[in-house]
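In case you want the letters, here they are:
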Amino acid sequence: MAGEPDSVPPGVDIKRANTARVYDYWLGGRHNFLADQDLGRAISAVDPIVRAGARANRAFLGRAVRFLSAAGIRQFLDIGSGIPTQGNVHEIAQHADPTARVTYVDIDPVVIAHSTAILGGNANAAVIEADLRYPERILRHERTLEMIDFSQPAGLLLVAVLHFIADADDPGRLVAALRDALAPGSYLVLGQGTNADKPVVAQAFEKVYNRSVSTSIHMRSRAEILRFFDGFELVEPGVTYVSQWRPDSPGDVPADPSQFANLVGVARKR
C-alpha cells in the first residue's frame, strides 16, 4: 500500500510497525503501511539480503506443503500464517487435492481481516484469531474442529513464528502440546531464525527489529531448534538452512546458505 489506506480495521495501530506487515513488504505484498515500509528498509540496511531471505522462506513453505501433499496429508494447521500472498498453503494444497482443508491461525487483526476476505467462498479454508502461546485455544476452537480431524494425520506448520515466542513462554512446551494433539503419521513443518553461524549479524538484526516492532524476535541456536522436533522423526535432509531443504534446483542454493539465517525442517510423528 502506498501511504495510509482509507479503511483500517478497528484497533489496528498503523503508526507502529507490525511483524506480519513488514514480512508482507519484503515479499512485495500490498498489505503494509508506511511504518512497516520504513522498518523494512531499515532492517534491509543492516541485512541487505533480508528480502531475498523472506522469499526463500516462502519458497520453502511451498516445497514443504507439496511434500506433505504427496505424502497423503489433506488437512493443514498453519499457525502464525501471516498476511496471505501468492502461493498460500491452501492454494498449494488444494491444487494437489481440491478437498484439502486448511486452517490459518494468526494473532494480528490485519492478517485476520485480509485472510477472511481472500478466503471468502472457499469452504475448505478458514482463518481464526488465536495466540500460539495458548495452544489449547487453537486446538479447541470451533473452526479448527470443523476443519481438522485430529484422529487423522495432519500437517502442522510453524514457519517463521517460534522466533516470536520468548523463552519465558517455553516454546518447547507449546510445540509439544500441539504435537500431542496430532495423530501418528502427522507432519511438523518448522522454521526458526538462528544465530548459529553469524551471531554478530543476528544480534544487529534483533536490535533493529526489536526496538521498532511490538513483537520481539528471538534468534536460537541449532541445538535449541532441534529440540522442537522431539517426538518426531526428521525426514531428509534434516534441519538445514532454508534454501537447502529439497531445493527445486541446485541454482536456488546460494554459495553461503547461512546467509539466510533461518533453519528449517520437516518431520513425521511416530
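Throughout what follows, the structure given in this document is the object of discussion. (Residues numbered from 1 in each chain as written. Predicted model: local features only at pLDDT ≥ 70, side-chain atom pairs only at ≥ 80, totals over all residues. Heavy atoms only, no water.)

Some remarks on the nonpolar core
As a reminder of what qualifies: Within this scheme, the nonpolar core is defined by two criteria: the residues are buried Ala, Val, Leu, Ile, Met, Phe, Trp, Tyr or Cys, and they are joined through side-chain atoms within 4.5 Å. Exposure classes here rest on a 1.4 Å probe applied to the protein chains alone. A residue is buried below 20% of its type maximum, exposed above 50%, and partly exposed in between. Where helices and strands are cited, they refer to DSSP runs of H or I of at least four residues and of E of at least two residues respectively, numbered from the N terminus. Should any heavy atoms of two residues lie within 4.5 Å, those residues are considered in contact.
Core analysis: the biggest nonpolar cluster contains 32 residues, and Ile-79, Leu-132, Leu-156, Leu-158, Leu-162 and Leu-188 have the highest contact counts within it. Elements that contribute at least two residues to this core include exactly strand E1 (75-79), strand E3 (125-129), helix H6 (135-140), strand E4 (155-159), helix H8 (171-181), strand E5 (187-193) and strand E8 (262-269). The element that contributes the greatest number of residues to this core is H8, accounting for three residues. Residues within four places of Leu-188 in sequence aside, it is in contact with Leu-156, Leu-158, Val-175, Phe-228, Phe-229, Phe-232, Gly-265, Val-266 and Ala-267. Judged by nonpolar contacts, the second largest core, of 30 residues, contains Val-65, Ala-100, Val-102 and Val-264.

Digging into unusual backbone geometry
Excluding glycine, most residues fall at negative phi; most peptide bonds, likewise, are trans. Omega for the bond connecting Glu-236 with Pro-237 falls within 30 degrees of zero, at 10 degrees, which places this linkage in the cis form. Relative to the helices and strands, Pro-237 is located in the loop between strand E6 (232-234) and strand E7 (240-241). Of note in this structure, Ala-160 is not a glycine but carries a positive phi near 60 degrees. Note that Ala-160 resides in the loop between E4 and H8. Unlike most non-glycine residues, Arg-246 shows phi in positive territory, near 45 degrees. Its location among the elements puts Arg-246 in the loop between E7 and E8.

So, the pattern of salt bridges
In plain terms, the rule: By convention in these notes, a salt bridge is any Lys or Arg side-chain nitrogen within 4 Å of a carboxyl oxygen on Asp or Glu.
One pass over the full model with this rule turns up eight salt bridges. Among the ionic pairs, Arg-21 bridges to Asp-36, the shortest N-O distance being 2.8 Å. With Arg-21 in helix H1 (residues 19-26) and Asp-36 in helix H2 (residues 34-46), this residue pair connects regions lying 15 residues apart in the sequence. Between Glu-146 and Arg-143 there is a salt bridge whose closest N-O contact spans 2.3 Å.

Quick word on the packing of H1 against H2
The line we're drawing: The angle between two axes is taken between their N-to-C directions and runs from 0 to 180 degrees, where each axis is a line fitted to C-alpha atoms and a helix contributes only its stretch in contact. The cut-offs work like this: below 35 degrees is roughly parallel, past 145 is roughly antiparallel, 65 to 115 is roughly perpendicular, and the gaps in between are oblique. By convention, the crossing between two helices is left-handed when the near helix turns anticlockwise from the far helix through less than a right angle, and right-handed when the turn is clockwise. Here the term charged refers only to Asp, Glu, Lys and Arg, the term nonpolar to Ala, Val, Leu, Ile, Met, Phe, Trp, Tyr, Cys and Pro, and the term polar to all other amino acids, Gly among them.
Axis separation between H1 and H2 bottoms out at 9 Å; the angle between their running directions is 65 degrees. As far as their axial angle goes, H2 and H1 are roughly perpendicular. The two elements H1 and H2 cross, and the hand of that crossing is right-handed. Along its contact with H1, which presents Arg-21, Val-22, Tyr-25 and Trp-26, the element H2 presents Asp-36, Gln-37, Leu-39, Gly-40, Arg-41, Ile-43 and Ser-44. By residue class, the composition of the contact of H1 with H2 is five nonpolar, three polar and three charged.

A word on the packing of helix H3 (residues 50-70) against helix H4 (residues 89-96)
At their nearest, the axes of H3 and H4 sit 9 Å apart, and the two run at 30 degrees to each other. Put simply, H3 runs roughly parallel to H4. The chirality of how H3 crosses H4 is right-handed. Of the residues in H4, those in contact with Leu-61, Gly-62, Val-65, Arg-66 and Ser-69 of H3 are Val-89, Ile-92, Ala-93 and Ala-96.

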